Amino acid sequence: MRGPLVGPEPGFGAAQPAERVLRGTGRRGGGGRAAKLERRWRRRREAGAEAGAGAARPVGRQAAAAQGSSPEAGAAAMAESIIVRVQSPDGVKRITATKRETAATFLKKVAKEFGFQNNGFSVYINRNKTGEITASSNKSLNLLKIKHGDLLFLFPSSLAGPSSEMETSTPPGFKAFGAPNVVEDEIDQYLSKQDGKIYRSRDPQLCRHGPLGKCVHCVPLEPFDEDYLNHLEPPVKHMSFHAYIRKLTGGADKGKFVALENISCKIKSGCEGHLPWPNGICTKCQPSAITLNRQKYRHVDNIMFENHTVADRFLDFWRKTGNQHFGYLYGRYTEHKDIPLGIRAEVAAIYEPPQIGTQNSLELLEDPKADVVDEIAAKLGLRKVGWIFTDLVSEDTRKGTVRYSRNKDTYFLSSEECITAGDFQNKHPNICRLSPDGHFGSKFVTAVATGGPDNQVHFEGYQVSNQCMALVRDECLLPCKDAPELGYAKESSSEQYVPDVFYKDIDKFGNEITQLARPLPVEYLIIDDFHSLATYLSQNTSSVFLDTISDFHLLLFLVTNEVMPLQDSISLLLEAVRTRNEELAQTWKKSEQWATIEQLCSTVGVQLPGLHEYGAIGGSTHATTAAMWACQHCTFMNQPGTGHCEMCSLPRT
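Bear in mind the structure is a predicted one, so any value in this text is a computation, not a measurement.

Asks: Would you explain the pattern of salt bridges in this entry?
Replies: Where side chains of opposite charge bring their charged atoms close, a pairing between them can arise. Tallied over the full model, the rule gives 16 salt bridges. Notably, a salt bridge pairs Lys427 with Asp423, separated by 3.3 Å at the nearest N-O pair. On the criterion of helical spacing, the pair formed by Lys427 and Asp423 is a turn pair, its members being 4 residues apart in helix 10 (residues 415-427). Residue classification places Lys427 among the exposed residues on the basis of a relative accessible area of 56%. Each member of the salt-bridge network shares a partner with another, and the members are Asp185, Asp188, Arg383 and Lys443.

Structural data, given as structure tokens:
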């Protein structure tokens, strides 16, 4: 049944050509969009007529207007429907809405589309988090000037600005990019605010512009420029960590969605589609295979001792006993200006925990003073920045030389040392705001006292890569007993699934090949009592009390000794040492605690030099006669009062 179109009203006459087109086509569905709307309207009208034949119907001009306006009303409703794109850290999704829709209704659709149980997000009109669309607004999308095809920006509550209308909870399963709530180290905060660019002066031969112009020969370089780093003396193989961050955030989006994700070698938990390992595994929970690559960056670019005395005291143990020794490095992180945006670990003290050392091995024991040591270091403005160990073997006692054993033909760090370094780095992670976990890598360094090419004692510094840290943390890496330069990636068992680990190598034909890491060259993992107190004070020749007391082991002894611990009264002295304030040190020296310490030292029969200057009782003895002396020929530390070296039997002078 075909009904006539009634369209004498102004604005409705446009439907008549569509009727003629429909009749002229001679087939159902022709005539374009208006014809489709007409057919849809007719079907609805016929269905309504059958359902309510006895109902009142409009008559006259009103009925004609109602009948004639229905197709155009449907077309207008379709025209009001719009599609709005919403961009989030998870990607872009399209939301269907209408122009007359309120902001609250639109936000409910957004929450449903992105899987938010609560409104733990904010939606902005602009990328820079301006023009927020709030749920309390009764304005329609048309009044908010949101048109068809517009792009809005969604940020979870952890990344969005303050909003009183949004909840602060982040929905489960939402991937947060970065962890802005963490507090980074002071050096990281400082370097993140620096320009970091490498400025070059005008080249008189290549530059053809004025003094205020710039060209490719003098324009500033980025801190991650590999050509510049390779031409430094010596060449820099690894860019600094902050230069690497600048490289990631230097694109057009300024690193908006950069996320430094930590490597995981474990099966993801919560997979319910199969039985747990070893009875089942799928691609969703299975960790990816790891191909070891040389890390392009490093978290610490340089290690420096504040003075040679710190290192000499650590080496004295080996000089006296010939056994290897271990210690923790305490210091601070500062800027290393020789490398763009570089970090330097400055070592101020070495703490030697309880240990058993032999000529070929080291065994660490439980340290009951570990917490006290960290507390004293914190009050001095220091922190644990690394660990150090000796690997020294005397080669010629007459010349005082040591064996050169760590080089490119053997190894720089053994597999056991790499695993130990990875364990220490996992215990001291680097706080990072760009990581979803809040930490990425580590600034904990490894120092080795070993023989150099000139057969003298040298200090070498290393770190292991983030891949090595992941393998050690998830217990996937083992040392090789017979080959210290090789590690071994574990195989999967019924107790643990281990992903395949590969490394790239060059074969005899010069082709790059991939090898299974069983075994694995570790080069792929490296980035490059009161009598004692009295004796120490008697050997110190300084007349300045602050210089005498500024020794980490001495301060630790004063706090932890069993006779008279000064843990509750040493804060003033620690502040004096930290700020290098001699007047503050003199104030503490006049206290009853120090007077008691001096009295105890005098009772053991050792007279301290210059004690009358510190308010002590008794005369003074010359420190040089009571001090131990190092042999000039073999560096062995001899007891005071001897004229010949106990090791090489050569005279003292």
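Asks: What am I meant to see in the sheet that holds strand 9 (residues 302-305) here?
Replies: Two modes of strand pairing occur in sheets, parallel and antiparallel, and in both the strands are linked by backbone hydrogen bonds. If you walk across this open sheet you meet the 7 strands as 9-11-10-14-19-20-26, and the pairing is mixed. Every other strand in the sheet has two partners, leaving strand 9 and strand 26 (526-527) as the edge strands with one partner each.

Asks: Please explain the sheet that holds strand 2 (residues 91-98) as it appears in this structure.
Replies: With respect to topology, 5 strands assemble into an open sheet ordered 2-1-5-3-4, the strand pairing being mixed. Here the strands that pair on one side only, and so sit at the sheet edges, are strand 2 and strand 4 (132-133). Direction of pairing for strand 1 (residues 81-88) relative to strand 2: antiparallel, over a ladder of 8 bridges. In the sheet register, Gln87 faces strand 2, and the bridge partner there is Val92.

Asks: How do you make sense of the environment of Asp195 when you look at a structure like this?
Replies: By secondary structure assignment, the location of Asp195 is in the loop between helix 5 (186-192) and helix 6 (226-230). Separated by 27 residues in sequence, Asp195 and Glu222 place their C-alpha atoms 9.4 Å apart. Among the polar contacts made by the side chain of Asp195, one reaches the side chain of Tyr199 at a distance of 2.4 Å.

Asks: Honestly, the confidence of the model for the protein chain in this entry has me stumped. Any pointers?
Replies: Should the pLDDT be low somewhere, the predicted coordinates at that spot are not to be read in detail. Looking at the protein chain as a whole, its pLDDT mean stands at 76, while 76% of the residues score no less than 70. Ignoring residues within four places in sequence, the model shows residues 529-533, a span with pLDDT below 50, making 15 contacts including any to other chains.

Asks: What is the right way to look at the side chain of Gln425 in this model?
Replies: Within the secondary structure layout, Gln425 lies in helix 10. We classify Gln425 as buried; its relative accessible area is 1%. A distance of 3.0 Å separates a polar atom in the side chain of Gln425 from the backbone nitrogen of Val464. If we skip the residues at most four places from it in the chain, Gln425 touches Ser442, Phe444, Gln463, Val464 and Met469.

Asks: Looking at this model, I keep getting lost on the packing of helix 15 (residues 571-579) against helix 16 (residues 582-589). Mind explaining?
Replies: Any two packed helices are characterised by how steeply their axes cross, that is the angle between the axes, and by the distance between the axes. Relative orientation of the contacting elements helix 15 and helix 16 amounts to 155°, with a least axis distance of 8 Å. What the angle tells us is that helix 15 and helix 16 run roughly antiparallel. Crossing geometry of helix 15 relative to helix 16 is assigned as left-handed. For the pair helix 15 and helix 16, the contacting residues are Leu572, Leu573, Glu575 and Ala576 in the first and Leu584, Ala585, Thr587 and Trp588 in the second. Of the residues contributing to the contact of helix 15 with helix 16, the split by class is 6 nonpolar, 1 polar and 1 charged.

Asks: Would you mind going over the nonpolar core with me for this structure?
Replies: Among the nonpolar cores identified, the biggest contains 59 residues, and Ile549, Phe552 and Leu573 are the most heavily contacted of them. Examining the composition of this core, we find that 7 residues originate from one element, helix 14 (residues 552-560), more than from any other. Here Ile549 is in contact with Leu554, Leu555, Leu558, Leu573, Val577 and Trp594, once residues within four sequence places are set aside. Of all hydrophobic cores here, the second largest spans 21 residues; its members include Val310, Tyr333, Val347 and Ala447.

Asks: Even after reading the chapter, I still don't get the pairing of strand 14 (residues 383-391), so can you show me in this structure?
Replies: As a general feature of sheets, a regular strand has side chains that alternate between the two faces. By the criterion of burial, strand 14 is predominantly enclosed, with 7 of the 9 residues buried. Summarising the sheet, strand 10 (residues 326-336) and strand 14 pair through 6 bridges and their orientation is antiparallel. If you follow Leu329 over to strand 14, its bridge partner there is Gly386.

Asks: So what exactly am I meant to see when it comes to the packing of aromatic side chains here?
Replies: Ring pairs (aromatic) are described by centroid distance and by the angle formed between their planes. Inspection of the entire model under this criterion finds 14 aromatic pairs. Seen from their ring centres, Tyr124 and Phe155 are 5.9 Å apart, and the 65° between their planes marks the pair as edge-to-face. Of this pair, Tyr124 sits in strand 3 (residues 121-124) while Phe155 sits in strand 5 (residues 151-156), and the two are 31 residues apart along the sequence. Of the two residues examined, Tyr124 and Phe155, each falls in the buried class. Sitting over the ring of Phe114, Lys93 keeps its end group 5.0 Å from the ring centre.

Asks: Would you take a moment to explain helix 7 (residues 241-248) for this structure?
Replies: Three or four residues apart is the spacing at which side chains of an α-helix point the same way, because the helix has 3.6 residues per turn. Those residues of helix 7 that sit buried are Phe241, His242, Ala243, Ile245 and Arg246. Summarising the contacts, the buried residues of helix 7 are in contact with helix 5, strand 6 (239-240), strand 8 (297-298), strand 11 (342-351), strand 17 (429-431) and strand 18 (439-442).

Rules behind the numbers
- Residues numbered from 1 in each chain as written.
- Predicted model: local features only at pLDDT ≥ 70, side-chain atom pairs only at ≥ 80, totals over all residues.
- Heavy atoms only, no water.
- Salt bridge = Lys/Arg side-chain N within 4 Å of Asp/Glu carboxyl O.
- Helix = DSSP H or I, 4+ residues; strand = E, 2+ residues; numbered from the N terminus.
- Buried < 20%, exposed > 50% of the residue type's maximum accessible area, 1.4 Å probe, protein only.
- Pairing = 2+ DSSP bridges.
- Polar contact = N/O pair within 3.5 Å; in protein donor to acceptor, adjacent residues only side chain to side chain.
- pLDDT = per-residue confidence, 0-100.
- Contact = heavy atoms within 4.5 Å.
- Axes fitted to C-alpha atoms, helices over the stretch in contact; angles between N-to-C directions.
- Parallel < 35°, antiparallel > 145°, perpendicular 65-115°, else oblique.
- Left-handed = near helix turned anticlockwise from the far one by under 90°.
- Nonpolar A, V, L, I, M, F, W, Y, C, P; charged D, E, K, R; others polar.
- Core = buried A, V, L, I, M, F, W, Y, C linked by side-chain atoms within 4.5 Å.
- Phe/Tyr/Trp six-rings, centres within 6.5 Å; stacked < 30°, edge-to-face > 60°.
- Lys NZ or Arg CZ within 6 Å of the ring centre and 35° of its normal.

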